[in-house]
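Residues per chain are reported as follows:
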Amino acid sequence: MFVSFFPKPKLLFTSAALWALFGVLFWYFFAKDAGGWLSLGGWFGYGFPAELGAEADDAARAAFEQARSGALEFWFYQYFIAILAIFIGFWMVYSPHPWQRWSLAGSALILFVNWFLVQLDVMINEWFGTFYDMVQKALGTPNSVSATDYYWQVATFLQIALVYVFVASLFRFFVSHFIFRWRTAMNEYYMQHWPRLRHIEGAAQRVQEDTMRFATISENLGVSFVDAIMTLIAFLPLLWGLSANVTELPIIGEVSQGLVFVVILWSIFGTALVALAGIRLPGLEFRNQRVEAAYRKELVYGEDHAERAQPQTVVELFADIRKNYFRLYLNYLYFNLVRIFYLQIGVMVPYIALAPTIVSGTITLGVMQQIIRAFQRVENSFQYLINSWSTIVELMSVYKRLKAFETTLEGEPLPEIEQEYLARQGGTPG
């Protein structure tokens, strides 16, 4: 599943995690302050401004901070590209792989574009603060905001949104090709070993359908996971800063940075609750694929052999399907009850946490919108497992089916659930 597309997958993914940790630490302890003499931003109008003197007024200091922020952001993108290029270059030399341009360079591009889209989301969050403060001012004091200023803010949003839509559309187009390349790699790998794999039950379906589903689901979950991590990196510090405006929580009373702890504790509670409710689903989904495959295979044999697909056999096979589906429906019933109930309550959590602050009128409408939006972004990132649990269940069931190929090629015994099927078939493959 992985070795067909990635060079030395276990070592690659482990080294990627360690390299990412090194990159983050190196940025904060060294590279961040080295942009003044390493950044190429000066060639593109994003150079670091000269330090201001003590006599500088507030307007000059505001302009300085804005210029420095833009230069630092431009420097970070250079640093990010350099970190990715070093890692990719090393692996291409250390362990050449026929699919390395897609698996290594493609994954790096996905990582980089994901970060860019998150940064656009941060810009939109900042826009919300400015826009809603303007709305509050306009509604509270008639004619205090000009139509030009109002439409300019709308135009600013459209500018950010159009860039987001354009980049996100191209991004999904690239990811679709990435997924198909991964499927192609798995297909070629398994077909090279087809004589050893063809006797596994449903081998044709596993190569034709399961490889496609595995690549698609893995990539979608991977992109979602990277997006969740990067959203946390971008929005958690933002929420921490915005939490300074919230000094009191319901019941608890006065507390510092309370919103950050609320979102973390609420997300941990929900993740544990939903995971417990859905713990049986992966096995049931896999068994569902097994009984469907057995039924389909018997019908296919019945097309060419009159002695196959007899009524009694078909009835028994369909009874297995019925039994498993009803168990699956029951498990999804209480899983969805728990999940949806938790998510619906979660919509109101930031409003409840902000109740004392809103009632006391210590924040503006714009700041409130920024806080709620940042809270929801952080909450959704922490709730990655909750939002993706059904997809993860599907991936686990597909993984178990393809795992039979892996164990066969490695000379290991088939998984227990595969052996159960063989025992029911009289000890021989279907």
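What you see as residue numbers is a count from 1 along each chain, following the sequence as written. The predicted nature of this model means local features are confined to residues of pLDDT at least 70 and side-chain atom pairs, given and counted, to a pLDDT of 80 or more, with totals for whole chains, interfaces and linings taken over all residues. The side-chain figures draw on all heavy atoms in the structure; neither hydrogens nor water molecules are used.

- Under an unreviewed UniProt entry, the protein chain has the name Peptide antibiotic transporter SbmA and belongs to Nitratireductor mangrovi.
- Of the comments in the UniProt record for the protein chain, the one headed Subcellular location (unreviewed entry) reads "Cell membrane". UniProt positions are given in the numbering used here, feature names are shortened, and annotations may be inferred rather than shown by experiment.

### Thoughts on the overall build of the protein chain
No. 1: The number of helices and strands found in the protein chain is 14 helices and 2 strands.
No. 2: With respect to the principal axes defined by its C-alpha atoms, the protein chain has extents near 95 × 55 × 40 Å.
No. 3: Within the protein chain, the fraction of its 430 residues that count as buried is 41%.
No. 4: Every residue pair with non-hydrogen atoms within 4.5 Å of one another is taken to be in contact. Restricting to contacts in the protein chain with at least 6 residues of sequence separation, those with at least 24 account for 78%.
No. 5: If you sum the accessible surface of the protein chain, you get close to 23,900 Å²; carbon and sulfur atoms cover 65% of it. Where helices and strands are cited, they refer to DSSP runs of H or I of at least four residues and of E of at least two residues respectively, numbered from the N terminus. Residue exposure (1.4 Å probe, protein chains only): buried if accessible area is under 20% of the type maximum, exposed if over 50%, otherwise partly exposed. Each accessible area is a Shrake-Rupley estimate made with a 1.4 Å probe; only the visible protein chains count as cover when residues are assessed.

### Overview of the packing of aromatic side chains
No. 1: Here the aromatic set is Phe, Tyr and Trp, taking the six-membered ring for Trp, and pairing holds for ring centres within 6.5 Å; pairs whose planes are under 30 degrees apart are stacked, those over 60 apart are edge-to-face, and all others are tilted. Per the stated rule, a full pass over the model turns up 42 aromatic pairs.
No. 2: Ring geometry for Trp91 and Tyr94: centres 5.3 Å apart, planes at 85°, overall edge-to-face. You can see Trp91 and its partner Tyr94 sitting in helix α3 (residues 58-94), 3 residues apart, about one turn around the helix.
No. 3: Trp91 gets classed as buried once you look at its relative accessible area, which sits at 2%.
No. 4: Owing to a relative accessible area of 40%, Tyr94 belongs among the partly exposed residues under this scheme.

### Re helix α1 (residues 9-29)
No. 1: For α1, with 21 residues, the first-to-last C-alpha span of 30 Å sits near the 30 Å given by 1.5 Å per residue.
No. 2: Of the positions making up α1, those classed as buried are Pro9, Leu12, Ser15, Gly23 and Trp27. Axial view of α1: buried residues confined to an arc of 120°, hence all on one face. Along α1, exposed side chains directed more than 90 degrees from the buried face belong to Lys10, Leu18, Tyr28 and Phe29.
No. 3: Those residues of α1 that are buried lie in contact with α3 and α4 (100-140). Expected span of a helix, by definition, is 1.5 Å for each gap between consecutive residues, and there is one gap fewer than residues. The arc in question is the one traced by the directions running from the helix axis out to the C-beta atoms.

### Examining the packing of helix α10 (residues 311-353) against helix α13 (residues 384-409)
Between two packed helices, what matters for the description is the angle formed by their axes and the separation of those axes.
No. 1: At their nearest, the axes of α10 and α13 sit 10 Å apart, and the two run at 155° to each other. Judged by the angle between their axes, α10 and α13 are roughly antiparallel. Counted together, Tyr332, Phe335, Arg339, Tyr342 and Leu343 of α10 and Ile386, Asn387, Trp389, Ser390 and Val393 of α13 form the full contact between these two elements.
No. 2: Under the scheme applied, nonpolar residues are Ala, Val, Leu, Ile, Met, Phe, Trp, Tyr, Cys and Pro; charged residues are Asp, Glu, Lys and Arg; polar residues are all the others, including Gly. Its residues assigned to classes, the contact of α10 with α13 comprises 7 nonpolar, 2 polar and 1 charged. Simply put, an axis is a line fit to the C-alpha atoms, just over the touching stretch for a helix, and the angle between two N-to-C directions goes from 0 to 180 degrees. When describing relative orientation, an angle under 35 degrees is termed roughly parallel and one over 145 degrees roughly antiparallel, while 65 to 115 degrees is termed roughly perpendicular and anything else oblique.

### As for a nonpolar patch on the surface
No. 1: Residues forming no salt bridge and having over 30% relative accessible area are the ones grouped into patches, like charges within 9 Å of each other and nonpolar side chains (Val, Leu, Ile, Met, Phe, Trp, Tyr) within 5 Å. Salt bridges are identified by distance alone: a Lys or Arg side-chain nitrogen within 4 Å of an Asp or Glu carboxyl oxygen. On the surface, Leu21, Phe22, Val24, Leu25, Phe26, Tyr28, Phe29, Phe30, Trp37 and Leu38 cluster together to form a nonpolar patch covering roughly 1,100 Å² of accessible area.
No. 2: Listed by contribution, the elements that provide at least two residues to the nonpolar patch are α1 and α2 (35-38).
No. 3: The residue Leu38 is located in helix α2 in this model.

### Topic: the UniProt feature "transmembrane region" (unreviewed entry) in the protein chain
No. 1: Annotation from UniProt places "transmembrane region" (unreviewed entry) at residues 12-30, 74-94, 101-118, 150-175, 221-240, 260-281 and 328-345.
No. 2: As annotated, residues 12-30 comprises 95% helix and 0% strand, and the C-alpha atoms at either end are separated by 26 Å.
No. 3: Here residues 328-345 is 100% helix and 0% strand, with 26 Å between the C-alpha atoms at its ends.

### A look at the nonpolar core
No. 1: Side-chain atoms within 4.5 Å are what join buried Ala, Val, Leu, Ile, Met, Phe, Trp, Tyr and Cys residues into a set we call a nonpolar core. Trp182, Tyr190, Phe214, Leu239, Leu259 and Ile371 are the most contacted members of the largest nonpolar core, which has 93 residues in total.
No. 2: Setting aside residues no more than four positions away along its own chain, Leu239 makes contact with Leu259, Val260, Val263, Ile371, Ala374, Phe375 and Val378.
No. 3: Residues Val291, Ala294, Val314 and Leu317 belong to the second largest nonpolar core, which totals 6 residues.

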